[in-house]
Amino acid sequence: MPPNVCPIILLFFFAILSLASGPGAGAIGVNWGTTASHPLPPPKVVELLKSNNISRVKLFDADPLVLQALSGSNIGVTVGIPNSMLRSLNSSKKAAESWVHDNVTRYLSTGGSGARIEYVAVGDEPFLQSYGEQFHPFVIGAATNIQAALIRAKLESKVNVVVPCSFDSFQSESSLPSKGHFRSDLNKTMIQLLAFLTKHGSPFFVTISPFVILHQNKNISLDFTLFKETARPHNDSHRTYKNSFDLSYDTLVNALSTAGYPKMDIVVAQIGWPTDGGTNATSSIAETFMKGLMNHLHGKSGTPLRPRNPPFQTYIFSLLDEDQRSITTGNFERHWGVFTFDGQAKYRVEFGQGSKNLVNAQNVEYLPSKWCVVNNNKDMFNATASALEACSVADCTALSPGGSCFNITWPGNISYAFNSYYQQHDQRADSCDFGGLGLITTVDPSVATCRFSVQLLTSQSKSLHVTLFTQWTTSLITVLLCLFSFT
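All values derive from a computational prediction rather than experimental measurement.

## A short note on the confidence of the model for the chain
Next up, step 1: Looking at the chain, the pLDDT average stands at 90 and 88% of residues meet or exceed 70.
Next up, step 2: pLDDT under 50 marks residues 1–24. Its contacts with residues more than four places away, or in other chains, come to 13 contacts.
Next up, step 3: Below pLDDT 50 for its whole length, residues 463–479 participates in 33 contacts with residues either more than four positions away or in separate chains.

## Observations concerning the environment of S113
Next up, step 1: Within the fold, S113 resides in the loop between α5 (93–105) and β4 (116–122).
Next up, step 2: Along the primary structure S113 and S73 are separated by 40 residues, whereas in three dimensions their C-alpha atoms are 8.1 Å apart.

## Considering the sheet that holds strand β8 (residues 204–207)
Strand pairing in a sheet is mediated by backbone hydrogen bonds. Such pairs are either parallel or antiparallel.
Next up, step 1: Strand order in this open sheet of 8 strands is β5-β4-β3-β2-β1-β12-β11-β8, and the pairing throughout is parallel. Bordering the open sheet on either side are β5 (160–162) and β8, each of which pairs with just one other strand. With strand direction ignored, the average angle separating the axes of adjacent strands in the sheet is 25°.
Next up, step 2: As judged from the 3 bridges shared by β4 and β5, these two strands associate in the parallel manner. Within β5, the position partnered with A121 by the bridge is V162.
Next up, step 3: Its contacts with the sheet place α5 against β3 (76–81) and β4, and it is angled at close to 150° to β3.

## Some points on the pairing of strand β13 (residues 371–374)
Next up, step 1: Residues of β13 alternate between two faces, with W371 and V373 on one and C372 and V374 on the opposite face, all of them buried.
Next up, step 2: Here β13 runs beside strand β14 (residues 438–441); their pairing, made up of 4 bridges, is antiparallel. Bridging across to β14, V373 finds its partner in L439.

## Digging into helix α12 (residues 383–391)
Next up, step 1: Among the 9 residues in α12, 7 count as buried, and that is most of the element.
Next up, step 2: Burial in α12 covers these residues: A383, T384, S386, A387, L388, A390 and C391.

## Describing the state of the cysteines
Next up, step 1: Overall, the coordinates contain 3 disulfides when judged by the stated rule.
Next up, step 2: A disulfide bridge connects C372 with C432, and the sulfur atoms are separated by 2.0 Å. Its torsion about the S-S bond being 85°, the disulfide of C372 and C432 is classed as right-handed. Taken together, the residues span a long stretch of sequence, with C372 in strand β13 and C432 in the loop between α13 (412–424) and β14 at a distance of 60 residues. Pair check on accessibility: C372 and C432 agree, each one buried.
Next up, step 3: With a sulfur-sulfur separation of 2.0 Å, C405 is cross-linked through a disulfide to C450. Taking the torsion about the sulfur-sulfur bond, which here is approximately 95°, the covalent link between C405 and C450 counts as right-handed. Of this pair, C405 sits in the loop between α12 and α13 while C450 sits in the loop between β14 and α14 (474–483), and the two are 45 residues apart along the sequence.

## Structural notes on unusual backbone geometry
With the exception of glycine, the majority of residues adopt a negative phi angle, and the majority of peptide bonds are in the trans configuration.
Next up, step 1: Omega for the bond connecting F317 with S318 falls within 30 degrees of zero, at 10°, which places this linkage in the cis form.
Next up, step 2: Structurally, S318 is set in the loop between β12 (313–316) and β13.
Next up, step 3: Going from W410 to P411, the amide bond is cis rather than trans, its omega being 5°.
Next up, step 4: Here P411 lies in the loop between α12 and α13.
Next up, step 5: For N53, which is not a glycine, the phi torsion comes out positive at approximately 55°.

## With respect to the pattern of salt bridges
Next up, step 1: Throughout the structure, instances matching the rule amount to 13 salt bridges.
Next up, step 2: Measuring nitrogen to oxygen at the nearest pair gives 3.1 Å for the salt bridge that ties E118 to R56. Of this pair, E118 sits in strand β4 while R56 sits in strand β2 (residues 56–59); the two residues are 62 residues apart in sequence, bridging distant segments of the chain.
Next up, step 3: Residue E118 is classed as buried on the basis of its relative accessible area of 7%.
Next up, step 4: With a shortest N-O distance of 2.7 Å, D321 and K346 are connected by a salt bridge. Taken together, the residues span a long stretch of sequence, with D321 in the loop between β12 and β13 and K346 in the loop between β12 and β13 at a distance of 25 residues. Accessibility classification places D321 together with K346 in one group, the buried group.

What counts as what
- Throughout, residues of each chain are indexed from 1 in the direction in which the sequence is written.
- Owing to the predicted nature of the model, reporting of local features is limited to residues with pLDDT of at least 70; listing and counting of side-chain atom pairs is limited to 80 or more, with chain, interface and lining totals taken over all residues.
- For the side-chain quantities, the full set of heavy atoms in the structure was used; hydrogens and water were omitted.
- Known as pLDDT, the predictor's confidence for each residue is given on a scale from 0 to 100.
- By definition in these notes, contact holds between two residues if any of their heavy atoms fall within 4.5 Å.
- Runs of H or I in DSSP of at least four residues are treated as helices and runs of E of at least two as strands, each being numbered from the N terminus.
- The pairing criterion for strands is at least two bridges between them, as found by DSSP.
- Lines fitted to C-alpha atoms define the axes, with helix axes restricted to the stretch in contact, and inter-axis angles between N-to-C directions lie between 0 and 180 degrees.
- Buried means the residue's accessible area, taken with a 1.4 Å probe over protein chains only, is under 20% of the maximum for its type, while exposed means over 50%, and partly exposed covers the values in between.
- Here, a disulfide means two cysteine sulfur atoms that sit within 2.5 Å of each other.
- In what follows, salt bridge is the name for a side-chain nitrogen of Lys or Arg lying within 4 Å of a carboxyl oxygen of Asp or Glu.

Listed below in C-alpha cells is the structure:
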C-alpha cells in the first residue's frame, strides 16, 4: 500500500468512528425557534450555525424549509412535534407513520446529502404547569406511535424519541435537591415516560431556567445564579451548592432517583438568559451568565450528585430573538436570542468556535431605511389609544419596566409603538397612518440603548392577526397606559 494513502484511510476510519459514537457527552447545541414575523432565511441561519461551529440544533417543529437548509450541513438535528399534534398522533398509528415519513425519512442523511436527524421531540414542554393536564393523556401514546413508526421505517437505531419536560415538572418545596421529586399530578405519566425512555435508550430532555427561578425564589441571589465565586453557597446536608444550575440539576437527579432511574442520561434541552423585556434581562447580565455556564460545562466538573458527569448534551435557548413568541410568562420571552432577530451577536461568548467573538450573519437583506414616528405637529389626543392598538399586534416588549426602551420619554414611546407596527407590516404606507398621527422618516429615531428596528426583507414574513392581542396580559396593558400617559 502506498505510504501517502495511509493518512487518508486513517482520517476516514476516525471519521466513521466519530459518527458511529452518536451524540457526544457534553456537546453544546442551540434551540432554533421561528416564531417571528420576519424570520431570518433558513440558509442564512445555517451559515450562522456553521460559522460559529455550532454542531447541533433543536427545532420546535419540522419546517420543510428549515430541514432543507440543514440537509448536507452535518449539523445534528432534533425535530419537534408541536403540542397541538399530540392528540392525533396518540390516536392514530397511521398519522404517526405519515409524520415520520414526511418529516424524518424524507430528510434523513443518505450519503451526507440529507439532514442528520438525531432526535424526535414529542411535544414542546407538554407538562408545563400552566397548561394544566390538557396534554397529559396524549404524550405517551404519541411517543409510542412515533417510536413504532421509526421501527417500521428501520430508523430506530439512528433516531431517538424524547419528550422535552419543563423546568416545573420537578420541584422541591424546601429548595433542597435532596427533597427533589416530580410533580404529583405527573407521577403516573412520568413513570410511563421514564420506562419508555429506558426501554429505547433515550435520554431525559429537560428545561433548566435559572432566570425564571431567580424571579420566583427570593432565597436565590443574582450572584448565585451567575456562577459568581463570591455568591453565598447553599448547603444540603454534606453537599455544597455554589450556583443555581447545580441546584436545579441535582433536584432533577434526585427526582429521577426517587422514581427508580438514578443513572438516566440527562439532556438540558433549554437553558439561557433573556436580554430585554424585564428586570435583570440585559445583554451584559446574559453574557456573564453564559460565560459562567460555558466554563462550568467545559470544565466537566459535574454537580455534587453527579461529579465529573456533566449533562449528556446542552442546548442553549435560544439562537435568535422571536418577536411573536407568546408573552404569557413575561415580556422577556421574545428576547432569549444570543443573536438579534437579524443574526447580530448581542455579546461575547465561546460555544466552541475557538474565539469568544461570535460571527454575525452576513449579507442580511433589510427593508429600506425608513421608520414610522409620531407627528408632533398633530393633535395628540388619541396618541395613547393608537399606540395601544399598535402594540396589540406588534412587539412593544422593550417598553416594559427594565426593558431597553423603558426610559424613553413621551412621545418617543408612542413612536416606538408606531414603528414596530410599521415594520411588522412590511413598511406599507397605510400602516403608518394612525388617524393621521404617523409620519414616515428616513432619520433613525433610535435613542441610546433603545433600538428602532428596520425589519428584514423576506418572502417568509408571517401574516399578523389582531388575535395576537390575547397574548397581552392585563398587567402589560396597564403598564403601557402609564408609559403612554402624557398628563
